[in-house]
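What follows is the residue order along each chain.
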Amino acid sequence: MRAKMKDTPYLLFLLVMPALGFIYKLLNANPRDPVILSTHIDTMIPFIPVFILPYIIWYAFILGYLIYFWYKDISVYLKTLSVIVIGELVCFVIYFYFQTTVPRPDVSGDGILTNLVRMIYSHDQPYNAFPSIHVLTTFAILLGNINIRNKHLFHSVFVPVIGSLIIISTLFVKQHYILDMFGSMFLTSFIYGIVFELYELKVAEKSNTVYLKE
């Protein structure tokens, strides 16, 4: 752990997360003729309150694994954080020019799960759903985790399982539609390809270049 002390300043980059959250709140507060992107499949997906648990776990999942990436591989940490930041900035531009909404179901009862759903609904207005930031950031962690070498089996299993539950939870708690989910995964994959794959390719090409002096 002492060897990681030199990388501690890189953790300050995580301060960009609350800044992004603030921008999201600004864009989420003012509805402007939002569009509903519901499909026939969406109408068949039931509202299941228990999925609010993985939906809420998302907050700790993203921060926890960004710190884990920092500990294991500073390069993967910086690249994954870059994918998230670039992806969210793209989402903000889309939200500004193309606002969508997801009508919410009536939530009745006084159970813990329904109260949690009402809490999330009260803190997050039903706008700016396409693409889903919940899905975008979760999928970025899933892709980043693939690049972590020598990780414990726990992380190899936990990340895809919990990540998948978080992603589908957005549908079952009626925070997003199918198109929101797939739009986010496509956007994340595209940015990931540039940040992880294309960048690595360019670095490899430069390292293999031989300069001859006449």
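In what follows, the structure referred to is the one given above.
Keep in mind it's a predicted model, so treat the numbers as computed, not measured.

What counts and how
- Residues numbered from 1 in each chain as written.
- Predicted model: local features only at pLDDT ≥ 70, side-chain atom pairs only at ≥ 80, totals over all residues.
- Heavy atoms only, no water.
- Helix = DSSP H or I, 4+ residues; strand = E, 2+ residues; numbered from the N terminus.
- Buried < 20%, exposed > 50% of the residue type's maximum accessible area, 1.4 Å probe, protein only.
- Contact = heavy atoms within 4.5 Å.
- Areas by Shrake-Rupley, 256 points an atom, 1.4 Å probe, with all protein chains shown as cover.
- Lys, Arg positive; Asp, Glu negative; His and termini not counted.
- Charge placed at Lys NZ, Arg CZ, Asp CG, Glu CD.
- Salt bridge = Lys/Arg side-chain N within 4 Å of Asp/Glu carboxyl O.
- Axes fitted to C-alpha atoms, helices over the stretch in contact; angles between N-to-C directions.
- Parallel < 35°, antiparallel > 145°, perpendicular 65-115°, else oblique.
- Left-handed = near helix turned anticlockwise from the far one by under 90°.
- Nonpolar A, V, L, I, M, F, W, Y, C, P; charged D, E, K, R; others polar.
- Core = buried A, V, L, I, M, F, W, Y, C linked by side-chain atoms within 4.5 Å.

A.B. asks: I'd love a proper account of the overall build of the chain, names of residues and values included.
C.D. replies: Along its length, the chain carries eight helices and zero strands. Mapped in sequence order, the helices and strands of the chain form the string α-α-α-α-α-α-α-α. The principal-axis extents of the C-alpha atoms in the chain amount to approximately 75 × 35 × 30 Å. In the chain, buried positions account for 42% of the 214 residues. A separation of at least 24 residues holds for 88% of the contacts in the chain among residues at least 6 apart in sequence. Carbon together with sulfur atoms contributes 70% to the accessible area of the chain, which is approximately 12200 Å² in total. Mean positive and mean negative side-chain charge positions of the chain (15 and 13 charges, respectively) differ by 9 Å.

A.B. asks: Explain the pattern of salt bridges to me, using residue names and the numbers behind them.
C.D. replies: Under the definition given, this model contains one salt bridge. Note that arginine 118 and aspartate 110 form a salt bridge whose closest N and O atoms lie 3.9 Å from each other. Take arginine 118: its relative accessible area is 28%, and that puts it in the partly exposed class.

A.B. asks: Any chance you could break down the packing of helix α6 (residues 133–146) against helix α7 (residues 153–172) for me, citing the residues and the numbers?
C.D. replies: In contact at an axis separation of 9 Å, α6 and α7 are set at 165° when each is read in the N-to-C sense. It follows that α6 is roughly antiparallel to α7 by the angle criterion. As α6 packs across α7, the resulting crossing turns out to be left-handed. Two secondary-structure elements touch here, α6 through His134, Val135, Thr138, Phe139, Ile141, Leu142 and Asn145 and α7 through His155, Ser156, Val159, Pro160, Gly163, Ile166, Ile167 and Thr170. Tallied by class, the residues present in the contact of α6 with α7 amount to eight nonpolar, seven polar and no charged.

A.B. asks: Can you lay out the nonpolar core for me, pointing to particular residues and giving the numbers?
C.D. replies: General note: in soluble globular proteins, nonpolar side chains tend to be found buried as a group. Residues Phe61, Leu66, Phe69 and Ile141 are the most contacted members of the largest nonpolar core, which totals 52 residues. Listing elements by their share of this core, those giving two or more residues are α1 (16–28), α3 (52–72), α4 (74–97), α5 (112–123), α6, α7 and α8 (178–207). Apart from residues no more than four positions distant in its own chain, isoleucine 141 is found in contact with Phe61, Ile62, Tyr65, Leu66, Phe69, Thr80 and Val159.

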